[in-house]
Every structure is written in C-alpha cells, then in structure tokens.
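Next come the chains, spelled out residue by residue.
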Amino acid sequence: MTRTVACVDMPIPSYEQLTADQVAGRACVACGGQLADDAVLAGFATGREGPYPMTVNAWACPPPAVGQ
C-alpha cells in the first residue's frame, strides 16, 4: 500500500528555494503545481534576499477529500 503525503503537510522550503510563482501564491510550495481558489495556507516561508529578511505566505494544494 502506498501512502502519499498531502502538499499542505510537506515541509515548507525556505524563501530562497521558491520560484517567483510560489512567492506570488500562484504555485504550490510543495509540488509546484498551479493553484486554484481552493488553495490552503501551509504556513510561512522565511529567508533572506540580500541583506533583507523575507517572509511570505506559503500556499499549497488542498488535502484530498476523505475517502480518496
């Protein structure tokens, strides 16, 4: 039996590891897939951009429906 982990339950990468679409909230921080209106806030990605500390919302795909 294969058990998969929902994107929302994956560790959040650092700010420096995110793509521009992930930083903007258009792509999932776990799988990189395009997000829809049902995206969920997974937490916050932190890091630095040069000397500046950065924190952005980390959006992820919604968990699968119960029974799927």
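Sequence order as written defines the numbering, with residues in each chain counted from 1. In keeping with the model being predicted, local features are shown solely for residues with a pLDDT of at least 70 and side-chain atom pairs are shown and tallied solely at 80 or more, while totals for entire chains, interfaces and linings include all residues. No hydrogens and no water enter the side-chain calculation; it runs on all heavy atoms of the structure.

A.B. asks: Explanation requested: the pairing of strand β1 (residues 40-49) in the structure shown.
C.D. replies: By this definition, two strands are paired if DSSP reports at least two bridges between them. In this description a helix means any DSSP run of H or I spanning at least four residues, a strand means any run of E spanning at least two, and both kinds are numbered starting from the N terminus. Where β1 meets strand β2 (residues 52-60), nine bridges bridge the pair, whose relative direction is antiparallel. Note that in β2 the partner of V40 across the bridge is A60. Between β1 and β2, which pair antiparallel in sequence order, lie two residues; one of them, G50, sits at a positive phi of approximately 65°.

A.B. asks: Looking at this structure, how should I read the environment of E49?
C.D. replies: Locating E49 in the fold gives a position in strand β1. Taking the C-alpha atoms as reference, E49 lies 18 Å from V29; in sequence the two are 20 residues apart. We call two residues in contact when some of their heavy atoms are within 4.5 Å. If near-sequence neighbours (up to four positions away) are discounted, E49 is found in contact with Y15 and M54. Under the rule applied, a polar contact is a pair of N or O atoms within 3.5 Å (in protein, one hydrogen donor and one hydrogen acceptor; residues adjacent in sequence only if both atoms are side-chain atoms). A polar side-chain atom of E49 sits 2.6 Å from a polar atom in the side chain of Y15.

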